[in-house]
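Chains, contacts and geometry: an overview
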Amino acid sequence: MAEATLNAKESKEKAEAPPYQGPRQSTAMITAAVVVAWLVPGGGHFLMKRWGRGALLLVSVAAMFVLGVLMEGKIYHANTGDLLDMLGFVGDVGAGGLYFVSRLMGIGRGAIELATADYGTKYIIVSGLLNFMCIVDAYHVAIGKKP
Amino acid sequence: MTLTLSHFSAALIFALFASIVFGITQRNTAREMLRYGAYCFVLFVGGVFAGGWLMWLLRH
């Protein structure tokens with residue numbers, strides 16, 4: 001009973017608390033955070049000295065991308081063909097630097113005879129999509145919306 | 001070198017990394033991040049088991 005009252009009080013306090021508003025970085029810094037966050041997963045967080053969060057994001061996104069490549073997943077090129085191929089490219093390019101390096105190295109051709117290659121393709125796309133979330137998070141930190 | 005994972009282990013690794021990113025990006029404090037990350041992981045893995053049993057029921 002007492003615990004329930006305490007939880008209700010905590011929820012009420014949380015609901016009434018104003019949204020966090022920290023210091024806003026300069027426009028140049030905000031732009032740099034977004035671009036660096038795209039090119040290097042977690043890079044935007046490193047730029048704003050959120051070392052722990054940046055490291056965890058870097059490891060998570062990079063590990064998913066590398067595991068996808070090791071599973072012989074396909075890396076999509078820019079295309080105007082099938083809708084799913086275009087969306088695959090949008091997901092892949094979210095990984096930023098990892099995408100460009102793998103394209104330069106000519107890896108990620110995809111092995112259709114392997115069942116795991118399909119998992120790999122999804123891993124690569126999702127790592128790019130997760131990096132989009134990291135970019136938005138870095139932006140929120142830069143504008144002071146998030147600690 | 002080709003990495004060959006089972007569907008289950010691939011789903012677990014996927015759940016782990018996705019949960020870490022969800023936790024960090026969707027919450028503000030370290031404690032909330034940890035809790036939300038764990039919550040997402042449980043939902044991902046629970047979804048795998050639920051989907052697995054659903055497919056088993058459809059098959060039988």
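Before any of the text, the structure's been laid out above.
In what follows, the accompanying structure is described. If you're wondering where the values come from, they're calculated on a predicted model, not measured in any experiment.

A few points about the overall build of chain A
The number of helices and strands found in chain A is seven helices and zero strands. Counting from the amino terminus, chain A carries its helices and strands in the arrangement α-α-α-α-α-α-α. Put simply, chain A has 147 residues, and 39% of those count as buried. Contacts in chain A between residues far apart in sequence, at least 24 positions, make up 72% of those at least 6 positions apart.

Some details on the overall build of chain B
Helix and strand counts for chain B stand at two helices and zero strands. The C-alpha radius of gyration of chain B comes to 14 Å, more than 25% above the 10 Å expected for a compact globule of 60 residues. Projected onto its principal axes, the C-alpha positions of chain B cover 45 × 35 × 10 Å. Looking at the 60 residues of chain B, the share that counts as buried comes to 20%.

Here's the deal with the environment of Ala18 of chain B
Of note, Ala18 of chain B is situated in helix α1 (residues 7-26). With 21 C-beta atoms packed within 10 Å, Ala18 of chain B lands in the buried category. Through-space distance from the C-alpha of Ala18 of chain B to that of Cys40 of chain B is 8.3 Å; in sequence the pair is 22 residues apart. Residues within four places of Ala18 of chain B in sequence aside, it is in contact with Val126 and Leu130 of chain A together with Phe44 of chain B.

Re unusual backbone geometry
Backbone geometry follows two general trends: most residues other than glycine have a negative phi, and most peptide bonds adopt the trans configuration. Residue and element names in this part refer to chain A. Positioned with a positive phi, Lys49 is a non-glycine residue whose angle comes to about 65°. Of note, Lys49 is situated in the loop between α3 (43-47) and α4 (51-70). Judged by the 8 C-beta atoms lying within 10 Å of it, Lys49 is exposed. If you check the backbone angles, Glu72 has positive phi at about 65° while not being a glycine. Positionally, Glu72 belongs in the loop between α4 and α5 (83-93). Look at Glu72 and you get buried, because 24 C-beta atoms sit within 10 Å.

Re the interface of chain B and chain A
Bring the parts together and some accessible area is lost; that lost area is often taken as the interface size. Taken together, the contact between chain B and chain A spans 15 residues of the former and 22 residues of the latter. Classifying every residue of the side of chain B that touches chain A by side-chain character gives 11 nonpolar, four polar and no charged.

Considering the packing of α4 of chain A against α1 of chain B
It is the contact of α4 of chain A with α1 of chain B, at a shortest axis distance of 10 Å, that shows an interaxial angle of 150°. Taken together, the axes of α4 of chain A and α1 of chain B lie roughly antiparallel to each other. You can see that α4 of chain A and α1 of chain B cross each other, and the crossing is left-handed. Counted together, Arg53, Leu56, Leu57, Ser60, Val61, Ala63, Met64 and Leu67 of chain A of α4 of chain A and Ile13, Phe17, Ile20, Val21 and Ile24 of chain B of α1 of chain B form the full contact between these two elements. Here the residues of the contact of α4 of chain A with α1 of chain B sort into 11 nonpolar, one polar and one charged.

Quick look at helix α2 (residues 27-39) of chain A
Relative to the 18 Å expected for 13 residues at 1.5 Å per residue, α2 of chain A spans 18 Å between its end C-alpha atoms, a close match to the ideal helical length. Tucked into the core, α2 of chain A has its buried residues touching α3 and α7 (115-142) of chain A.

As for the environment of Phe8 of chain B
Relative to the assigned elements, Phe8 of chain B resides in helix α1. Residues Phe8 of chain B and His60 of chain B lie 52 residues apart in sequence; the distance between their C-alpha atoms is 21 Å.

Here we look at the packing of α5 of chain A against α7 of chain A
All names here are of chain A. Direction vectors running N to C along α5 and α7 enclose 60°, while the axes themselves pass 6 Å from each other. With respect to α7, the element α5 is oriented oblique. Crossing hand, α5 versus α7: left-handed. Residues Gly88, Gly91, Asp92 and Val93 of α5 touch α7, and the partners they reach there are Ile124, Ile125, Gly128 and Leu129.

Scoring rules and cut-offs
- Residues numbered from 1 in each chain as written.
- Chains lettered and ligands numbered in written order.
- Predicted model: local features only at pLDDT ≥ 70, side-chain atom pairs only at ≥ 80, totals over all residues.
- Helix = DSSP H or I, 4+ residues; strand = E, 2+ residues; numbered from the N terminus.
- Buried ≥ 20, exposed ≤ 12 C-beta atoms within 10 Å, placed from the backbone.
- Contact = placed C-beta atoms within 7 Å.
- Rg over C-alpha atoms; globule rule 2.2 N^0.38 Å.
- Nonpolar A, V, L, I, M, F, W, Y, C, P; charged D, E, K, R; others polar.
- Axes fitted to C-alpha atoms, helices over the stretch in contact; angles between N-to-C directions.
- Parallel < 35°, antiparallel > 145°, perpendicular 65-115°, else oblique.
- Left-handed = near helix turned anticlockwise from the far one by under 90°.
- Expected span 1.5 Å × (residues − 1).

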